[in-house]
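# Structural characterization, general
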Amino acid sequence: MSDRIYKSDDSELHKKHRQRVKEKFRKTGFESFSEIEILEMALYFAKPQGDTNPLAHQLINRFGSLSAVFDASYHQLREVPGIGENAATFLMSIVAFCRAYRLDKITDDNVFESEEKIGRYLMAYFMGEHTEKTVILCFDRRRRLLGCEKVFAEGMDNMSSAKIRRVAELALAYKAAAVVMAHNHPSGIVEPSEFDMASTNGLKASLTGVGVHFIEHYVVTDEDYLGIIKYMEDFGYSTML
């Protein structure tokens, strides 16, 4: 009997603690929260009952930081004792929610007249990616975005002539007047490689050959982006056409 009363009291304490944490968030946001407290609150929505503070500590100890927890894969998260299917799915979805939010804010009018807007879109698109991927943005003559499609995930070093033709085929399928190509560098180094530059010339020639304007090929990191065509022109590299 006494055990049941203790468990009931303990549950009530956790419930009141959660209410206080949520009220604190509603008043101040996360400004006065530690990483542990942010993660503790996030876990409320995956674990409806109980004390999530010890689990938050386990996650930070295992991965090293709040961002590393959110960047962890489903399988990595499931390896932490106490993290079940719901918690792992929720935690790995947080970056995806942030990405969707940022992309939606940027595409409010769907017109990409400036390099700055294209760059912001691409940084949001690649947010949280840990492997190199390549994407094509197709635009109409008014620079409205017709489509954004991931074309391959092996990185630019594996960009064969067949894949370059695939990009041209996608541009024609979208009836695009202009195209932007972009790939991310998970290393954080924005400078293009020799292969990036050679591939850019191949892309430009292929798209020009089918009457599609090749705007730029961007290298994207978490904090920056760089246009390869402009880079080649600025540093005296040979550019086609």
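Here goes a summary of the coordinates provided.

Cut-offs and rules
- Residues numbered from 1 in each chain as written.
- Predicted model: local features only at pLDDT ≥ 70, side-chain atom pairs only at ≥ 80, totals over all residues.
- Heavy atoms only, no water.
- Helix = DSSP H or I, 4+ residues; strand = E, 2+ residues; numbered from the N terminus.
- Rg over C-alpha atoms; globule rule 2.2 N^0.38 Å.
- Buried < 20%, exposed > 50% of the residue type's maximum accessible area, 1.4 Å probe, protein only.
- Contact = heavy atoms within 4.5 Å.
- Areas by Shrake-Rupley, 256 points an atom, 1.4 Å probe, with all protein chains shown as cover.
- Axes fitted to C-alpha atoms, helices over the stretch in contact; angles between N-to-C directions.
- Parallel < 35°, antiparallel > 145°, perpendicular 65-115°, else oblique.
- Left-handed = near helix turned anticlockwise from the far one by under 90°.
- Nonpolar A, V, L, I, M, F, W, Y, C, P; charged D, E, K, R; others polar.

## A few points about the overall build of the protein
Within the protein, the secondary structure is distributed over ten helices and five strands. Here the C-alpha radius of gyration of the protein, 23 Å, is well above what a compact globule of 241 residues would show, namely 18 Å. Along the three orthogonal principal directions, the C-alpha set of the protein runs to about 85 × 35 × 30 Å. Within the protein, buried positions represent 43% of all 241 residues. A fraction of 57% describes how many contacts in the protein between residues 6 or more apart in sequence connect residues 24 or more apart. For the protein, the exposed surface amounts to about 13500 Å²; the carbon and sulfur share of it is 51%.

## Considerations on the packing of helix α2 (residues 35–44) against helix α3 (residues 53–63)
Where α2 meets α3, the closest approach of the two axes is 8 Å, and the angle between their N-to-C directions is 120°. Classified by the angle their axes make, α2 and α3 are oblique. Seen along the crossing, α2 lies across α3 with a hand that is right-handed. Contacts between α2 and α3 pair E35, I36, L39, E40 and L43 from the former with N53, L55, A56, H57, L59 and I60 from the latter. Tallied by class, the residues present in the contact of α2 with α3 amount to seven nonpolar, two polar and two charged.

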